[in-house]
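So you can see what is in the structure, the chains are spelled out below.
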Amino acid sequence: MSSFTADDLRQSLARLRWPVLLTWAGMFAEALVRAVWPLVAVVLLVLAALMLGLQDAVPVESVWIAGIIVAGATAWAFIFALRRFRIPSRSAAMARLDASLQGRPIQALLDQAAVGSGDDASMAVWQAHKARMAARAAAATPVPADLRVSDRDPYALRYVAVLAFAVALIFGSIWRVGSVAGMAPTTGLASGSVWEGWAEPPRYTDRPTLYLNDLPAGALDLPEGTLITLRFYGETGALSLAETVSGRAVDVAATADAAQDFAVMQGGSIAIEGPGGRAWDVAVRPDMPPQVDFAGEVKVAALGEMRLPFAARDDYGVEAGEARIILDLAAVNRRFGLQAEPDPRAQIVVALPTPVAGDRAAFQENMIEDFSKHPWANLPVKLTLNVLDAAEQAGATPPQDMVLPGRRFFNPTAAALIEMRRDLLWSTDNAPRVAQVLRTVSYRPDDVFSSATSALRLKRTIEKLEIRTRFGLDDEIVDRLAEDLWGLALELEEGELADALERLRRAQERLQEAMKNGASDEEIAELMEELRRATEDYLQQLQRQQAQERAQEEDGEEQQQGENMQMTQDDLQRMMDRIQELMEQGRMAEAAEALQQLQEMMENMRVTEGQPGEGGKSPGEQAMEGLAETLNEQQGLSDQAFRDLQEQFNPNAQTGENGENEGRNGGQGRGESHEGQNGQGEGRGEQQGRSGQGGDQGQGGQDESGLAERQQALRDELERQRGRLPGQGTPEGEAARDALDRAGRAMDQAEQALRNDDLAEAIDNQAQAMEALREGMRSLGEAIAQEQRNQQPGQGQAEADRRADNRDPLRRGDNRDGSDSSDGRLNLQQGEARDRARALLDEIRRRSGEAERSDAERDYLNRLLERF
């Protein structure tokens, strides 16, 4: 075992030099902080008060008293620091470091053996002990300083001082500290008189405060309302003020006051007369009143909500605004319930919207309000807009004559209730007449009410009105009755009807009333949308009824053949679009005739609703055919994009026999086209803006913007089809919807690429869209199959009989869905045959999408897809 020598001891102590030194530095910081924190807190508080200008806001005597207190506090803090501060020694630092180590190894290294110095065995043990202590001391690290003084500052005064100083740095000025120098007692010499001044513009101008001592004499531009603050220090009367900007009358004796405060209201001069005086010629920047104007015509929504655009401006910003509406009694047609003198009613006051963030110096906004329930709704009124700026200056528009917008009711009974409600709110003297008219309206309730509940509600309302009329009506009762009439009118106007046919009839009747009463464009759009929804619900109800009747038919029973009218959803949509267009153009007679034709067709459909024509298709089959057509059109768009890409790199592409370019439309020169059937481009091509004529596009084709428009139209058509897919709520149906959603996103990306003239990117996105469409069709087929398996046995047999009737004389199926074999039975099991057919169709679609194949081969593959 090696002995621990004196050299080893010196090396061990040398390694402790830096840990000891850093520990000493920490102890020094501790002693300094604990000694001087009161002095630092006093200094920070004094600087914060001076930088914030508190000395200028109080009398000079208060400043002197505060100065004495501060001097005393500073002296006490300084003495406290001297008495508490002690510089730590190196031995103290070493002792703290040694105490932080286990077993105090540093002290062990410095110890000497008390006994056994002559015993070699004892000394060997001692040397081994020192060696272990040296190794332990070598791992020593500096002891962190403890700078906390919370035990000496229980009220956290040091944090108060730091916070005050931070506030002064942000909101104060270091230059204000010098102003305290002039507050010292003077000896009465005129040369010791000084002054100080500030010009503080109004806060809404966002201009900074000016320190007048730093401004040279001469011209001075100030906003109107600027506050001038002057302080004179020294002998009273040595300095005086002469100004003409405030417009005030000042006594001569008051011009020499030590404190001067006034506002700049006009142009003029400010002069400080006396030692070190200065003069300025002040030009006032006027604060103009705000302005507000109407920015457009009042727009009224179908449900009565008004939108009034307005523009407001001010040189420093508009603070608030309001709209005031008063009744134009002279313009009211005083007849029927309006003949009585109106009850006193306060004007309508509505706050104008202002920008939440941003500049308010000039802005445009819309006042959106709904006054449908107000008694003045649909009556002449005068509207005035008022705005206010920060200086409380007002601006207003001239009163505008208008009819106060409100909801219009097209159900005759609902309109009558609303008119009686208005008459009751107009004047309580109309109460007997209102009750009488309401009884007349409800004389034969079965003719005007769709439910007994509505008739009973009106009867109770009439009884309540008659009782209250005899014993007196107050405002609370009138408001309650008006609310009851309003709710009943809404129920009659737009109440829920259980039968789709009744909803359809009601929508048609409301539209007819709107034609007679001259409805606005917004009301026409709302009523047409209601008609579309009612028509769609009615068609769905017809389909459900037909499916139920087919399920109830006996096996082998022939379906009745009717002369029912065959119409598609697109045909109805075009008819309703035409009706809306005629109404918006003001051609009400033609619109009424078209609506009558639509009603007759819907009635014919109702009469034969239990007699579907031969070959009627289920919603699943219609959806599958629509998706197949969408896939076919997407393939055509992809072909055209590929041909355009080829023409970009090879403008002299080979032409057909007649010299026409076959590069467009996938071989239209041979009579095939992806834009429609047989190159005609009909069907949904009409919606998508395509003519599809082979000769036209074979000559020059369309540019990429035309392809982009077609892609967008195809995307819209896909979204419409996605909303009508059957199988909602089933895993297969949701999978189909997800696939079509992916196809839609790919179509959007393809459209954007076409608009950016990036044909390669567009082709890739179109390929993704077609793949997603195929996946969606597979999932939809599975959903339809699952739905058929869940049907009743009788319905499945009836469907099988229907398909059997569609075979030709040789007992072959039409084979449109690829499910029938030549003998009417599948040679394979049903699941295997379906999987095999799907695989074949997927392979044909894949090959037809490969651009490197010849035109003849791709045309053949496309014809196969169109057939199967």
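Now for a description of the structure that goes with this document. Remember, it's a predicted structure, so these values are computed and weren't measured experimentally. Along each chain, residues carry numbers from 1 onward, in the same order as the chain's sequence is written. Side-chain atom pairs in this predicted model are given and counted only at pLDDT of 80 or more, local residue features only at pLDDT of at least 70, and totals for whole chains, interfaces and linings cover all residues. Working from all heavy atoms in the structure, the side-chain values ignore hydrogens and water.

1. Some points on the packing of helix α8 (residues 412–426) against helix α9 (residues 431–441)
So, point 1. Whenever a helix is involved, its axis is fitted only over the stretch in contact; in every case the axis is a line through C-alpha atoms, and angles between N-to-C directions fall within 0 to 180 degrees. Only DSSP runs of H or I covering at least 4 residues are called helices, and only runs of E covering at least 2 are called strands; the numbering of each starts at the N terminus. Put simply, α8 and α9 touch, their axes get as near as 9 Å, and they point 170° apart. For the element pair α8 / α9, the angle class is roughly antiparallel. Of the residues in α9, those touching α8 at Thr413, Ala416, Leu417, Met420, Asp423 and Leu424 are Ala431, Arg433, Val434, Val437, Leu438 and Val441.
So, point 2. Residues of the contact of α8 with α9, tallied by class, amount to nine nonpolar, one polar and two charged. An angle below 35 degrees is treated as roughly parallel, one above 145 as roughly antiparallel, one from 65 to 115 as roughly perpendicular, and anything else as oblique. The contact criterion used is simple: two residues touch if any of their non-hydrogen atoms lie within 4.5 Å. Classification convention: Asp, Glu, Lys, Arg as charged; Ala, Val, Leu, Ile, Met, Phe, Trp, Tyr, Cys, Pro as nonpolar; all other residues, Gly among them, as polar.

2. Concerning unusual backbone geometry
So, point 1. A positive phi angle, near 60°, is found at Asp206, a position not held by glycine.
So, point 2. Summary of the burial criterion: residues with accessible area below 20% of their type's maximum are buried, those above 50% are exposed, and those between are partly exposed, where the area comes from a 1.4 Å probe applied to protein chains only. Asp206 gets classed as exposed once you look at its relative accessible area, which sits at 71%.
So, point 3. A positive phi angle, close to 65°, is found at Asn378, a residue other than glycine.

3. A word on a nonpolar patch on the surface
So, point 1. Residues forming no salt bridge and having over 30% relative accessible area are the ones grouped into patches, like charges within 9 Å of each other and nonpolar side chains (Val, Leu, Ile, Met, Phe, Trp, Tyr) within 5 Å. Note that accessible areas follow from Shrake-Rupley with a 1.4 Å probe, and for residues the cover is restricted to the protein chains shown. Definition used for salt bridges: Asp or Glu carboxyl oxygen within 4 Å of a side-chain nitrogen of Lys or Arg. On the surface, a cluster of nonpolar side chains totalling about 720 Å² of accessible area is made up of Leu52, Leu54, Leu163, Val167, Leu169, Ile170 and Phe171.
So, point 2. Mapped onto the fold, Ile170 is located in helix α7 (residues 157–171).

4. Some thoughts on the nonpolar core
So, point 1. Side-chain atoms within 4.5 Å are what join buried Ala, Val, Leu, Ile, Met, Phe, Trp, Tyr and Cys residues into a set we call a nonpolar core. Judged by nonpolar contacts, the single largest core of 28 residues is most densely connected at Leu627, Leu718, Leu725, Leu773 and Leu780.
So, point 2. At the level of secondary structure, the elements contributing two or more residues to this core comprise α17 (619–649), α19 (704–722), α20 (731–755) and α21 (759–789).
So, point 3. Here this core takes 10 residues from α21, the largest share from any one element.
So, point 4. Apart from the residues lying within four places of it in its own chain, the contact partners of Leu773 are Thr630, Leu631, Gln634, Leu718, Leu740, Ala743 and Met747.
So, point 5. Residues Val292, Val318, Leu338 and Val387 belong to the second largest nonpolar core, which totals 26 residues.

5. Focus: a negative patch on the surface
So, point 1. Neither His nor the chain ends contribute to the count of charged residues, in which Lys and Arg are positive and Asp and Glu negative. Each charge is placed at NZ for Lys, CZ for Arg, CG for Asp and CD for Glu. A grouping of Asp757, Asp758, Glu761 and Asp764 is seen on the molecular surface, where their side chains present a negatively charged patch.
So, point 2. Inspection of the secondary structure assignment puts Asp758 in the loop between α20 and α21.

6. Looking at the sheet that holds strand β8 (residues 278–285)
So, point 1. A strand pair is defined by DSSP finding two or more bridges across the two strands. As summarised here, the arrangement of the four strands in space is β3-β8-β7-β5, forming an open sheet in which the pairing is mixed. Sheet topology places β3 (218–223) and β5 (240–243) at the edges, where each strand pairs with a single neighbour. Pairwise comparison of adjacent strand axes, ignoring direction, gives a mean angle of 25° for this sheet.
So, point 2. Here β5 pairs with strand β7 (residues 268–273) via four bridges, running antiparallel. Note that in β7 the partner of Ala242 across the bridge is Ala271.

7. Concerning empty space enclosed by the protein
One water molecule sets the probe size; rolling that probe over the atoms shows where empty space is left.
So, point 1. Cavities and pockets were defined on a 1 Å grid built over protein atoms only: a cavity is a set of grid points that admits a 1.4 Å probe from which the probe cannot escape, a pocket is an open set flanked by protein on both sides within 12 Å along at least five of seven lines, and lining residues are those with an atom within 4 Å of any such point. Grid points are joined across faces, edges and corners, and a volume is the space filled by probe spheres set on the points. Counted according to the given criterion, the structure contains five cavities of 30 Å³ or more.
So, point 2. For the largest cavity, the calculated volume is near 50 Å³.
So, point 3. If you go around the largest cavity, the residues you meet are Ala302, Leu303, Arg407, Arg408, Phe410, Glu493, Arg510, Glu523, Glu526 and Leu527.
So, point 4. If one sorts the elements of the lining of the largest cavity by residue count, helix α14 (residues 521–552) sits on top with three residues.
So, point 5. For the lining of the largest cavity, the class distribution of residues is four nonpolar, no polar and six charged.

8. Brief notes about α9
So, point 1. Where α9 is concerned, the buried positions are Ala431, Val434, Ala435 and Leu438. One side of α9 carries all its buried residues, which in axial view fall inside an arc of 100°. Across α9 from its buried face, at more than 90 degrees, point the exposed residues Gln436 and Thr440. Arc definition: it is the arc formed by the directions from the helix axis to the C-beta atoms.

9. Comments concerning the pattern of salt bridges
So, point 1. Taken as a whole and judged by the stated rule, the model has 28 salt bridges.
So, point 2. Residue Arg148 is joined to Asp146 by a salt bridge in which the shortest nitrogen-to-oxygen separation is 3.0 Å.
So, point 3. Salt-bridge contacts for Lys382 lead to Asp401; the nearest nitrogen and oxygen are separated by 2.6 Å. With Lys382 in strand β15 (residues 380–389) and Asp401 in strand β17 (residues 400–403), the pair connects residues that are 19 residues apart, well separated along the chain.
So, point 4. Judged by relative accessible area, Lys382 falls into the partly exposed class, the value being 27%.
So, point 5. Residues joined in a network through salt bridges with shared partners are Glu419, Arg422, Asp423 and Arg433.

10. A closer look at the pairing of strand β1 (residues 194–200)
So, point 1. In terms of burial, β1 is largely enclosed, as five of its seven residues are buried.
So, point 2. Note: β1 against strand β4 (residues 227–233), seven bridges, orientation antiparallel. From the neighbouring strand, Trp195 faces β4, where its bridge partner is Phe232.
So, point 3. As paired strands, β1 and strand β2 (residues 210–211) are joined by two bridges and run antiparallel to one another. Residue pairing across strands places Trp198 opposite Tyr211, the latter belonging to β2.

11. So, the packing of helix α2 (residues 17–51) against helix α3 (residues 60–84)
So, point 1. Two elements in contact, α2 and α3, have axes whose closest approach is 7 Å; the angle formed by their N-to-C orientations is 160°. Here α2 lies roughly antiparallel to α3, going by the angle between them. Here α2 runs over α3; the crossing is left-handed. Facing Arg34, Ala35, Val36, Pro38, Leu39, Val42 and Val46 of α2, the residues of α3 in contact are Val70, Ala73, Thr74, Trp76, Ala77, Phe78, Phe80, Ala81 and Arg84.
So, point 2. For the contact of α2 with α3, the class distribution of residues is 13 nonpolar, one polar and two charged. Left-handed describes a crossing whose near helix is turned anticlockwise from the far helix through less than a right angle; right-handed describes the clockwise counterpart.

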